[in-house]
Amino acid sequence: MKTKSIAMTALMTALLVILGLLPPIPLGFIPVPIVLQNLGVMLVALFLGGKRGTLSMILLLVLGLFLPVFSGGRMTPDALAGQSAGYVLVWVLVPSALALLNRLMPSSHFVLRFLKIWLAGVLLVDVLGGVYLAWFTKQSLLQGIVLSNLAFLPLDTIKAFLATYLAGYLKKRLK
Ligand code: BTN
């Protein structure tokens, strides 16, 4: 990896850690909070692409073995033992999912860039995270998915929009 590439990966991982420091917002009707760290996951996927993005996500999990990098001051073992583990595990797949969508739909038009990160960083995460949540809390699959999507889709869609805008703006600036 070139120096710039390593620096970008380290910087984006630091951003994930910083966003993890922000307090989660609990919702009464679902045992998973609103967090800002998933905005970071989307930015990581958009900025770093498939391979380096996945590396950054794995680095977060490794850092979390020593530091409280997840919202609410939790470490990786706690994050992977609880009801939100599904969301965290799917986060690792987001950069590769986006890279796959970029190969299938190579256009870089804003609307398409937004759609791709929404599919990879919001829909995939909220649906599979909801499936895990349903299994963990012994709810019906439908209940888990519907609840997860009702709770998170609106704000996560705004985060995806913000991530698309920010990534586009910063990429242009960095060039
Ligand atoms: C954790 O810190 O244990 C992970 C929390 C996962 C929260 C999920 S990510 C997708 C959805 N959007 C949110 O704001 N919260 C949930």
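A.B. asks: I'm lost on the environment of Thr9 in this one. Help?
C.D. replies: Note that Thr9 resides in helix α1 (residues 3-21). The spatial distance from the C-alpha of Thr9 to the C-alpha of Val122 is 22 Å, given a sequence separation of 113 residues.

A.B. asks: Sorry if this is basic, but what is going on with the side chain of Asp156 here?
C.D. replies: Relative to the elements of secondary structure, Asp156 occurs in helix α6 (residues 141-174). Using a relative accessible area of 3% as the deciding quantity, one classes Asp156 as buried.

A.B. asks: I tried to follow the pattern of salt bridges on my own but got confused; where do I start?
C.D. replies: Proximity of charged atoms lets side chains of opposite charge pair with each other. Within the structure shown, the criterion is met by one salt bridge. The partner of Asp156 in a salt bridge is Lys159, with the nearest N and O atoms 3.0 Å apart. Residue Asp156 and its partner Lys159 are located together in helix α6, separated by three residues, close to a single helical turn.

A.B. asks: How should the site of the ligand be read in this particular structure?
C.D. replies: Around the ligand lies a shell of 17 residues, among which Pro33, Arg74, Ser84, Asp156 and Lys159 are the nearest. A distance of 2.5 Å separates an oxygen atom of the ligand from a polar side-chain atom of Arg74. The separation between a nitrogen atom of the ligand and a polar side-chain atom of Asp156 is 2.9 Å. Contact with the protein chains removes 99% of the 410 Å² of surface that the ligand exposes when unbound. Elements with a minimum of two residues in the shell around the ligand: β2 (30-34), α4 (85-104), α5 (110-136) and α6. A per-class count over the shell around the ligand returns 10 nonpolar, three polar and four charged.

A.B. asks: For this particular structure, what's the right way to read a nonpolar patch on the surface?
C.D. replies: A surface patch of nonpolar side chains, about 550 Å² in accessible area, is lined by Ile58, Val62, Leu63, Leu65, Phe66 and Leu67. With respect to the helices and strands, the residue Leu63 is situated in helix α2 (residues 37-63).

A.B. asks: Is there a simple way to think about the pairing of β2 in this case?
C.D. replies: Remember that side chains alternate between the two faces of the sheet whenever the strand is regular. In the sheet, strand β1 (residues 25-27) pairs with β2 via two bridges, with the strands oriented antiparallel. Across the sheet, Leu27 pairs through a bridge with Ile30, a residue of β2. Hairpin connection between β1 and β2: a loop of two residues separates the two successive antiparallel strands.

A.B. asks: Explain the packing of α5 against α6 here, please?
C.D. replies: Helices that pack against each other are described as a pair by the angle of their axes relative to one another and the distance between those axes. It is at 8 Å that the axes of α5 and α6 come closest, and there the two elements cross at 150°. Comparing the axis directions of α5 and α6 gives the class roughly antiparallel. In this structure, the crossing between α5 and α6 has a hand that is right-handed.

A.B. asks: I would appreciate a short explanation of α4 in the present structure.
C.D. replies: Note: α-helices contain 3.6 residues per turn, so residues at a spacing of three or four share the same orientation. Here α4 spans 29 Å end to end across 20 residues, near enough to the 28 Å set by a 1.5 Å rise per residue. If you look at α4, its biggest bend is around 40°, right at Leu93, and the proline Pro95 turns up within four residues after that.

A.B. asks: What's the story with the packing of aromatic side chains in this structure? I'm lost.
C.D. replies: Two numbers describe a pair of aromatic rings. These are the distance of the centres and the angle of the planes. Taken as a whole and judged by the stated rule, the model has six aromatic pairs. Each ring, one from Tyr87 and one from Phe152, has its centre 5.9 Å from the other, and the planes form 85°; the classification is edge-to-face. Remark: Phe152 occurs in helix α6 and Tyr87 occurs in helix α4; sequence separation between them is 65 residues. Ring plane angle 15° and centroid distance 6.3 Å describe the contact between Tyr165 and Tyr169, whose orientation is recorded as stacked. Note that Tyr165 and Tyr169 are positioned in helix α6 at a spacing of four residues, about one turn of the helix. Tyr169 gets classed as partly exposed once you look at its relative accessible area, which sits at 38%. Linked through ring pairs, Phe110, Phe114 and Phe161 together constitute an aromatic cluster.

Calculation notes
- Residues numbered from 1 in each chain as written.
- Predicted model: local features only at pLDDT ≥ 70, side-chain atom pairs only at ≥ 80, totals over all residues.
- Heavy atoms only, no water.
- Helix = DSSP H or I, 4+ residues; strand = E, 2+ residues; numbered from the N terminus.
- Buried < 20%, exposed > 50% of the residue type's maximum accessible area, 1.4 Å probe, protein only.
- Salt bridge = Lys/Arg side-chain N within 4 Å of Asp/Glu carboxyl O.
- Near = heavy atom within 4 Å.
- Polar contact = N/O pair within 3.5 Å; in protein donor to acceptor, adjacent residues only side chain to side chain.
- Areas by Shrake-Rupley, 256 points an atom, 1.4 Å probe, with all protein chains shown as cover.
- Nonpolar A, V, L, I, M, F, W, Y, C, P; charged D, E, K, R; others polar.
- Patch = residues over 30% accessible without salt bridge, like charges linked within 9 Å, V, L, I, M, F, W, Y side chains within 5 Å.
- Pairing = 2+ DSSP bridges.
- Axes fitted to C-alpha atoms, helices over the stretch in contact; angles between N-to-C directions.
- Parallel < 35°, antiparallel > 145°, perpendicular 65-115°, else oblique.
- Left-handed = near helix turned anticlockwise from the far one by under 90°.
- Expected span 1.5 Å × (residues − 1).
- Bend = angle between axes of the 7 residues up to and from the residue.
- Phe/Tyr/Trp six-rings, centres within 6.5 Å; stacked < 30°, edge-to-face > 60°.

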